[in-house]
Structures are given as C-alpha cells and as structure tokens.
Amino acid sequence: MSAFSNYMEQAICNWLRGTAMPAAPAALYVGLFNGSPIDTGLGGSEVTTQIRAAGRLAAAFSAPANSEIRNSAVVNFGSTASGTTISHFGVFDAASGGNLLMHGALTDGAMTVGAQTGVSFAANILAITLSGFSDFLKAAILNWMRGTAMPSPPASIYVGLFNGNPTDAGSAGTEVTTQIRAAGRVLGAVSAPTDGVIRNTAAVDFGKAANATPLSHFGIFDAASAGNFLMPGPLDGGAKTVGAQTAVNWPANSLTLSVE
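Residues numbered from 1 in each chain as written. Predicted model: local features only at pLDDT ≥ 70, side-chain atom pairs only at ≥ 80, totals over all residues. Heavy atoms only, no water.

### What to know about empty space enclosed by the protein
For step 1, the next point in the chain: Applying the stated criterion across every chain yields a total of 1 cavity of 30 Å³ or more.
For step 2, the next point in the chain: Here the largest cavity defines a volume of roughly 80 Å³.
For step 3, the next point in the chain: Along the wall of the largest cavity there are 13 residues; nearest its centre are V159, V190, N200, I220 and L255.
For step 4, the next point in the chain: Those elements that provide at least two residues to the lining of the largest cavity are β13 (157-163), β19 (217-221) and β23 (256-258).
For step 5, the next point in the chain: Residue composition of the lining of the largest cavity, grouped by class: 9 nonpolar, 3 polar and 1 charged. (1 Å grid on protein atoms, 1.4 Å probe; cavity = no way out; pocket = protein on both sides within 12 Å on 5 of 7 lines; lining within 4 Å. Points joined across faces, edges and corners; volume = space filled by probe spheres on them. Helix = DSSP H or I, 4+ residues; strand = E, 2+ residues; numbered from the N terminus. Nonpolar A, V, L, I, M, F, W, Y, C, P; charged D, E, K, R; others polar.)

### Here's the deal with the packing of aromatic side chains
The relation between two aromatic rings is expressed through the spacing of the ring centres and the mutual angle of the planes.
For step 1, the next point in the chain: Under the criterion given, the structure shown has 7 aromatic pairs.
For step 2, the next point in the chain: Ring centres 6.1 Å apart and planes at 65° place the aromatic pair F4 and F133 in the edge-to-face group. Separated by 129 residues along the polypeptide, F4 in strand β1 (residues 2-4) and F133 in the loop between β12 (127-129) and α3 (135-145) bring together distant segments of the chain.
For step 3, the next point in the chain: Judged by its relative accessible area of 1%, F4 is buried. (Phe/Tyr/Trp six-rings, centres within 6.5 Å; stacked < 30°, edge-to-face > 60°. Buried < 20%, exposed > 50% of the residue type's maximum accessible area, 1.4 Å probe, protein only.)

### Here we look at the packing of helix α1 (residues 6-16) against α3
For step 1, the next point in the chain: Between α1 and α3, the least distance of the axes is 13 Å, while the angle of their chain directions is 130°. With respect to α3, the axis of α1 lies oblique. α3 is crossed by α1, and the crossing has right-handed handedness. Touching M8, I12, W15 and L16 of α1 are L137, I141, W144 and M145, all from α3.
For step 2, the next point in the chain: Its residues assigned to classes, the contact of α1 with α3 shows 8 nonpolar, no polar and no charged. (Axes fitted to C-alpha atoms, helices over the stretch in contact; angles between N-to-C directions. Parallel < 35°, antiparallel > 145°, perpendicular 65-115°, else oblique. Left-handed = near helix turned anticlockwise from the far one by under 90°. Contact = heavy atoms within 4.5 Å.)

Note that all results are geometric; they support no functional claim without further evidence.
In structure tokens form, the structure reads like this:
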C-alpha cells in the first residue's frame with residue numbers, strides 16, 4: 001500500500017480549497033530506502049546510491065486502472081555497489097533532491113542484498129494506489145503524477161447528503177439532499193490543511209428537513225448541482241433518520257476530509 005508524502009497531502013488539500021496544483025512532474029523517479037521514509041521523506045535511510053551510484057532511476061507508469069498506476073517496464077538498478085538492506089521505495093519528481101510524492105513498503109518485505117547483486121523490479125510490481133477519493137479525483141491525481149496537468153481547482157465546494165455510501169464512483173447510495181433542502185447542496189468553506197486534514201470552518205446548515213429522510217454519508221462536489229463528485233465520507237455517529245421539520249446541520253470542524 002502506498003501513501004502520500006506531506007508535499008502531496010498539502011497540494012491536494014489546497015487544490016480542494018481552490019489553489020492550482022503545482023506543475024505536473026516531467027518524469028517520476030524511484031528511490032530505495034532502508035526503513036520507511038514516512039510522509040515527511042525524512043524517515044529511514046535512502047540507500048539508492050549504495051545500489052546504483054547514479055542514484056534514483058526514472059520509471060514509466062501505466063495509465064490509471066482500478067485506482068492505481070504501476071511501473072510499465074522493468075525498473076533495473078543494476079548490480080549493487082555495496083551490500084545494503086531495502087524495505088521501502090519512494091517516488092520523486094527529480095533524480096536528486098526534489099519532492100517525495102508517494103512511498104510504500106516492498107511487496108515481499110525487507111531484503112538484504114550483497115555487493116554485486118542485481119536489483120530490479122519487474123513490470124507491474126511497483127504500485128501507486130489511491131483511496132478515499134472519487135474515481136474522478138483519483139484519475140486526475142494519478143494522471144498528474146504521469147505528467148498531465150491537474151484540472152482547474154474548484155471555485156467552491158458543496159456538500160451533498162446520501163442514504164448509503166456513494167462509493168468512489170459517486171453512483172451508489174441515493175443522494176437525498178433535495179429531500180432535506182429543496183435548493184440542494186450547501187456551499188462549504190474548509191480550513192487550511194493540517195497533517196493532510198481539512199475541516200469545515202463554519203456550520204454547514206441545510207435548514208429544516210422538508211421530509212423525513214435517512215442519512216448515512218456526505219459527498220463533496222465542485223458544483224451546486226451535477227458537477228464532479230470529489231470525495232465521500234461517513235457521517236459522524238453513523239446512519240440516522242431525520243424527521244420532517246428537523247434541523248439538519250453540522251457545526252464547524254465536524255466534517256473532516258482526510259488526504260493520506
């Protein structure tokens with residue numbers, strides 16, 4: 001399983017808040033670590049140059065499918081310059097320095113390689129997998145990593161309500177927003193990101209329910225109606241049914257969007 005770096009968490013959260021994504025990487029580079037680099041990129045030890053004196057290796061990744069991209073060709077570091085232990089990989093936007101984008105553990109766990117031992121990863125072994133976003137947003141982020149500009153950020157984000165999990169496709173469950181508020185979704189303002197988390201900065205108030213309605217999830221959209229579905233989330237406290245003329249609102253900081 002792969003995870004975002006702090007750099008990526010911040011960039012995606014700010015995109016949701018209306019700030020354009022940084023320029024897409026011209027290429028992706030794979031580095032190798034002994035120990036997890038963690039989200040800061042400061043964990044573990046990067047051992048790439050102990051394996052390949054020239055350092056990180058440029059790698060091509062496939063088009064997104066099933067919420068992930070994979071290396072589309074062998075990533076061959078050649079024979080190790082010296083013995084070392086490898087447990088994790090990192091994907092960067094530069095051959096040296098640059099920004100850590102994603103990191104993950106090797107599928108088969110840590111391995112110790114001796115000097116002059118070949119180190120390579122077959123095609124489709126290194127996977128960058130996303131979860132917690134809509135299919136639209138996952139594809140946009142993964143294609144950004146592959147060099148395609150990110151779509152323009154939302155001018156505003158809107159909260160819709162669901163009976164049942166809309167899932168990443170946004171087509172499951174039933175959007176019941178207009179059963180509660182005839183005018184539909186409510187404009188939401190979100191905080192600056194902290195550790196990959198943004199929250200509503202003011203109450204999200206749907207007024208009094210027009211009809212008795214079961215609720216279980218919320219969804220974030222880039223438009224008051226139709227538009228692109230961005231992220232789903234369960235309601236704190238689980239599913240509930242609100243009666244007609246019951247106030248439906250969430251106070252500031254009670255709706256959480258997590259980018260991890």
